[in-house]
Amino acid sequence: MRKWTAPIALFLLCLLILSSDQGGRIEANAEADSEDLVDPPKVEEKLGAVPGGLSTDSDVVKRESESISRKTLRSNAEKFEFQAEVSRLMDIIINSLYSNKDIFLREIISNASDALDKIRFLALTDKEIKLDKEKKILSIRDRGIGMTKEDLIKNLGTIAKSGTSAFVEKMQTSGDLNLIGQFGVGFYSVYLVADYVEVISKHNDDKQYVWESKADGAFAVSEDVWNEPLGRGTEIRLHLRDEAEEYLDEFKLKDLVKKYSEFINFPIYLWGSKSVEKEVPADDDEAADEDESPESPSDEETEEEKEDEEEEKKPKTKKITETTYEWELLNDVKAIWLRNPKEVTDEEYTKFYHSLAKDFGDEKPMAWSHFTAEGDVEFKAVLFVPPKAPHDLYESYYNSNKSNLKLYVRRVFISDEMDELLPKYLSFLKGLVDSDSLPLNVSREMLQQHSSLKTIKKKLIRKALDMIRKLAEEDPDESSDKDKEVENSGENDEKKGQYAKFWNEFGKSIKLGIVEDATNRNRLAKLLRFETSKSDGKLTSLDQYISRMKSGQKDIFYITGTSKEQLEKSPFLERLSKKNYEVIFFTDPVDEYLMQYLMDYEDNKFQNVSKEGLKLGKDSKVKELKESFKELTQWWKSALAGDNVDDVKISNRLADTPCVVVTSKYGWSANMERIMKSQTLSDANKQAYMRGKRVLEINPRHPIIKELRELVVKDPEDATVKETAQLMYQTALMESGFYLEDPQDFASRIYSSVKNSLNISPDAAVEEEDDTEEAEAEPEIKETSTTETTNEEEVKDEL
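Residues numbered from 1 in each chain as written. Predicted model: local features only at pLDDT ≥ 70, side-chain atom pairs only at ≥ 80, totals over all residues. Heavy atoms only, no water.

### Digging into the packing of helix α21 (residues 630–639) against helix α24 (residues 703–714)
Applicable threshold: Note on geometry: axes are C-alpha line fits, over the in-contact stretch for helices, and angles between N-to-C directions span 0 to 180 degrees. Segments assigned H or I by DSSP are reported as helices when at least four residues long, segments assigned E as strands when at least two residues long, and all are numbered from the N terminus. Here the word oblique covers every angle except those under 35 degrees (roughly parallel), over 145 (roughly antiparallel) and from 65 to 115 (roughly perpendicular). It only takes one pair of heavy atoms within 4.5 Å for two residues to be counted as in contact. In this classification, the charged set is Asp, Glu, Lys and Arg, the nonpolar set is Ala, Val, Leu, Ile, Met, Phe, Trp, Tyr, Cys and Pro, and all remaining amino acids, among them Gly, are polar.
One can describe the packing of α21 onto α24 by two numbers: an axis separation of 9 Å at closest approach and a directional angle of 80°. Here α21 is positioned roughly perpendicular relative to α24, judged by the angle of their axes. Judged by residue contacts, Glu-631, Leu-632, Trp-635 and Trp-636 of α21 engage Ile-705, Leu-708, Arg-709, Val-712 and Val-713 from α24. Residue composition of the contact of α21 with α24, grouped by class: seven nonpolar, no polar and two charged.

### A few points about the pairing of strand β11 (residues 379–385)
Counted only if it meets this: Summary of the burial criterion: residues with accessible area below 20% of their type's maximum are buried, those above 50% are exposed, and those between are partly exposed, where the area comes from a 1.4 Å probe applied to protein chains only. A pair of strands is considered paired only if DSSP assigns at least 2 bridges between the two.
Buried residues dominate β11, accounting for six of its seven residues. Relative to strand β14 (residues 430–435), β11 runs antiparallel, the two being bridged by six bridges. When the bridges of β14 are listed, Ala-381 appears paired with Val-433.

### Considering a nonpolar patch on the surface
What counts is decided by this rule: Put simply, a patch holds well-exposed residues, over 30% relative accessible area, that have no salt bridge, with like charges counted together within 9 Å and Val, Leu, Ile, Met, Phe, Trp or Tyr side chains within 5 Å. Accessible surface area values rest on a Shrake-Rupley calculation with a 1.4 Å probe, where residue burial reflects the displayed protein chains alone. What counts as a salt bridge is simple: a side-chain nitrogen of Lys or Arg found within 4 Å of a carboxyl oxygen of Asp or Glu.
Residues Val-754, Leu-758 and Ile-760 make up a contiguous nonpolar surface patch of about 250 Å² in total accessible area. One can find Ile-760 in the loop between α26 (743–757) and α27 (772–798).

### Observations concerning the packing of aromatic side chains
The criterion, for reference: Pairing of aromatic rings covers Phe, Tyr and the six-membered ring of Trp, with a centre-to-centre limit of 6.5 Å; geometry is then stacked below 30 degrees between planes, edge-to-face above 60, and tilted otherwise.
Scanning the entire structure with this criterion turns up 17 aromatic pairs. Pairing Phe-428 with Phe-502 gives two aromatic rings, centres 6.1 Å apart and planes at 55°, and the pair type is tilted. Of this pair, Phe-428 sits in the loop between β13 (412–415) and β14 while Phe-502 sits in helix α14 (residues 498–516), and the two are 74 residues apart along the sequence. We note that Phe-428, like Phe-502, is buried. With a centroid separation of 4.4 Å and an interplanar angle of 20°, the aromatic rings of Phe-428 and Phe-506 are classed as stacked. In this pair, Phe-428 sits in the loop between β13 and β14 while Phe-506 sits in helix α14, placing the two residues 78 residues apart along the sequence.

### Description of the nonpolar core
Across soluble globular proteins, nonpolar side chains show a tendency to be buried alongside one another. What counts is decided by this rule: Note on terminology: a nonpolar core comprises buried Ala, Val, Leu, Ile, Met, Phe, Trp, Tyr and Cys residues joined through side-chain atoms within 4.5 Å.
Counting residues in hydrophobic clusters, the biggest one holds 76 residues, and the most contacted among them are Leu-460 and Phe-502. When near neighbours in sequence (up to four residues on either side) are disregarded, Leu-460 contacts Phe-371, Phe-379, Ala-381, Leu-383, Leu-405, Leu-421, Leu-422 and Val-433. In this structure, Phe-80, Val-190, Val-197 and Leu-238 belong to the second largest nonpolar core, which totals 52 residues.

### Some words on α21
Our working rule: Read the arc as the range of directions from the helix axis to the C-beta atoms.
The complete set of buried residues in α21 reads Leu-632, Thr-633, Trp-635 and Trp-636. All buried residues of α21 lie within an arc of 165° about the axis, which places them on one face of the element. Turning to α21, the residues buried within the fold contact β20 (645–650), β22 (694–698), α24 and α25 (719–735).

### A closer look at unusual backbone geometry
If a residue is not glycine, its phi is most likely negative; likewise, a peptide bond is most likely trans. Backbone geometry at Lys-136 places phi at a positive 55°, although glycine is not the residue there. With respect to the secondary-structure elements, Lys-136 resides in the loop between β2 (127–132) and β3 (137–142). Residues other than glycine seldom take positive phi values, yet Asn-580 does so here, at roughly 65°. A relative accessible area of 44% places Asn-580 in the partly exposed class.

### Observations regarding the confidence of the model for the protein
What counts is decided by this rule: Values of pLDDT, ranging from 0 to 100, describe the predictor's confidence in every residue of the model.
Mean pLDDT for the protein: 77, with 71% of residues reaching 70 or above. Mean pLDDT across the elements of the protein bottoms out in helix α6 (residues 163–171) (40) and peaks in strand β17 (residues 584–586) (97). Overall, residues 15–56 carries pLDDT values under 50, and its contacts beyond four positions in sequence, including any with other chains, amount to 39 contacts. The low-confidence segment residues 120–124 (pLDDT under 50) makes 13 contacts with residues lying over four places distant or belonging to another chain.

### Some details on the sheet that holds strand β19 (residues 604–608)
The strand order β15-β17-β16-β19-β18 describes an open sheet built from five strands, whose pairing is mixed. With one partner strand each, in any of the chains shown, β15 (531–532) and β18 (600–601) form the two edges of the open sheet. With four bridges joining them, strand β16 (residues 555–560) and β19 adopt parallel strand pairing. Residue Ile-556 lies in a different strand from β19, and its bridge partner there is Phe-606.

### Side note on the pairing of β3
The element β3 is largely enclosed, with a buried count of six among its six residues. Connecting the antiparallel pair β2 and β3 is a turn made up of four residues, with Lys-136 showing a positive phi of about 55°. Examined bridge by bridge, β3 and strand β7 (residues 233–240) share six bridges and lie antiparallel to one another. Its bridge partner lying in β7, Asp-142 is registered against Thr-234.

### Topic: the sheet that holds β14
Pairing between the strands of a sheet is mediated by backbone hydrogen bonds and can be parallel or antiparallel. With mixed pairing, five strands are arranged side by side in an open sheet as β10-β11-β14-β12-β13. Edge positions in the sheet fall to β10 (367–373) and β13, since each of these pairs with one other strand and no more. Each strand axis lies, on average, 20° off the axis of its neighbour in the sheet, ignoring direction. One ladder, built from seven bridges, connects β10 with β11; its direction is antiparallel. Among the inter-strand pairings, Phe-371 is bridged to a residue of β11, identified as Ala-381.

### Observations regarding a positive patch on the surface
Under the convention used in this document: For the charge count, each Lys or Arg is scored as positive and each Asp or Glu as negative, with His and the chain ends excluded. Lysine's charge is taken at NZ, arginine's at CZ, aspartate's at CG and glutamate's at CD.
A surface patch of positive charge is lined by Lys-458, Arg-462, Lys-463 and Arg-523. Broken down by element, the positive patch gets its largest block of residues, three residues, from helix α12 (residues 452–473). Within the element layout of this structure, Lys-463 appears in helix α12. On the basis of relative accessibility, which here comes to 30%, the residue Lys-463 falls in the partly exposed class.

### Details of the pattern of salt bridges
Under the definition given, this model contains 31 salt bridges. Across the salt bridge formed by Lys-388 and Glu-363, the nearest N and O atoms sit 3.8 Å from each other. Placement of the pair is Lys-388 in the loop between β11 and β12 (405–409) and Glu-363 in the loop between α10 (346–357) and β10, with a sequence separation of 25 residues. Of the residues examined, Glu-363 reaches a relative accessible area of 33% and is grouped as partly exposed. Lys-564 serves as the salt-bridge partner of Glu-568, at 3.9 Å between the closest nitrogen and oxygen. With Glu-568 and Lys-564 both in helix α17 (residues 564–568), this residue pair falls four residues apart, about one helical turn. Among the residues examined, Glu-568 registers a relative accessible area of 47% and is labelled partly exposed. The network of salt bridges with common partners includes Lys-136, Asp-242 and Glu-245.

This is how it looks when you write it as structure tokens:
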């Protein structure tokens, strides 16, 4: 036993040495492998912004063609059942959730953008769209991070579980929370247009797999050995339904991409055809025919000329038209709202506006506001004031949705029909809102109920009104400081007159805002502009009017009518003009509605000078005049009892006119009555309740009124005096802007007055026509025609 002890120990020692050496090698290899795993996945250099497929051999092309042609699940694929909620979700999406089928492309591009967001730390990437018209296949490919087999099963087989959302959870520690998206609900919108879908995906940590489903409750996943290697990324193939062939049209796809995904951060390419003219060498026969000349060269040609001609000869070519295929960039407009406003130039804002509003004119927008809102709801927005108002801006104002504001969620277009973002009176503004706080993959109808929209709307209104106010403040014509205007005239030439232009185009919207928006009524009132009796044709604001008010004046005087020229001649302004009061002219029909809501401004009440309640200071002779004309006013009131005249009073607003008709303070003015009667569906019975009580105001200083008073005192029952009083009332109605209920009665009174002035008897009758001459003339005509007929017959007989 001792004899074998030494050899055995020596043998064990050798084994120990060998095992330790092999272990070292294994450990070294393990360390090397671990270092490889720690390193980030490598990105292929050719997967950059320039699209291009990887090289493939003929076998791959054949297998890929067979794969594309199939519409059945692969036999060797691993079968799975959809989560129960997914099957129900598909029915909801196809039948109710998405009201517009075009939305499927938006969802797929959005998902591709999320995948590209993940890989953006590694390489610049892009998205590609291809179509196969023969096989009715639409392919959308991105070079993003891709999905493993496990990702395909989890992300496309369950609801609300997304590779993107999981990625955001991992990225929270780094502080980059912009990678938000749901690769769940939006994906299934592809079944709106497709009956069979393939998702081919390659992740750096796994092989290339194919996910496929016919939306029948099951899907399959298998290793991809048929298609071209993607390198990295995802390709979605939609086998379109027969009724969805419109999505194989290049122009249709271009429109959809520009509408829904124009401002995606990554470039989107479409593989499309293009006709190009190309010069190619002409055929030998054609060249020979062209070279043949019918005449021999002249003997006078020198050898030098021949050499020059030979040098000038060039190869014969011809033009042919070829159809080429190339990648076309669809979204070349950058999302400038993501940039710092200080870094964006005016030219860039103008170009962006033209692209956003599809306005290809040369005019710049009047103003714009670029801002970021922070707080409970974060969003970025750009608002523009267009240079001109659409011709149909106010047609069917309350019965149509004309929102020009586009809503984006994480740079993906959601809707341009979100009336909840701006009130109707600001619907003329164009722009967009991009929010990271709103859900992406739900329909517009569901998004309208989101609580964040109210917060967004409130901030947008405030910013919009500030933008318009700033437009007015920067206009030199709006400034009252003449020195400042002269000093900055060179800098502000471009802004001069801009607010007047805005008011002429969109002033009615500001007035409608005062009617509709009680919260911002005071802000909107500051933006009002109008002409006055002292503005010399220029627009004036309420602040400027108040600054020019006379001492002791407490009311803001205004009058409504059809035109400025008519109002300037109105009898209601006679006394006001003499006392140097300024009166606002409201000539737009909407102004009548406006003044029913705008009761005061800066503690100054509005007073319509054609209504009761006008105060022009104290008059010591008022009591004496009332007492002196008391008998006339009472008599006149009783004489007009049948004309619905509420009272006859002494006027404090007339200077040269004998009388006018005013209305009660809270009733319709004469202008409002005219507007309401012009309505197509107006009801005269209902209007009687809103019609103001009419009051006849007389001018006690006018000679007609004085003489009428004397006649009434002598004989109050005199028919001529009553006729005169009635005629004066009807004349005052017309001059005050009212319609006459019986214009024929008024005309007859005028003719009677004319007769009296011409000393014609009231009983003088109109001379009757004499019909006997016409009766005698008829037989003569008949005899003449008979004679002409006889002469014609004689001529015929002679011939």
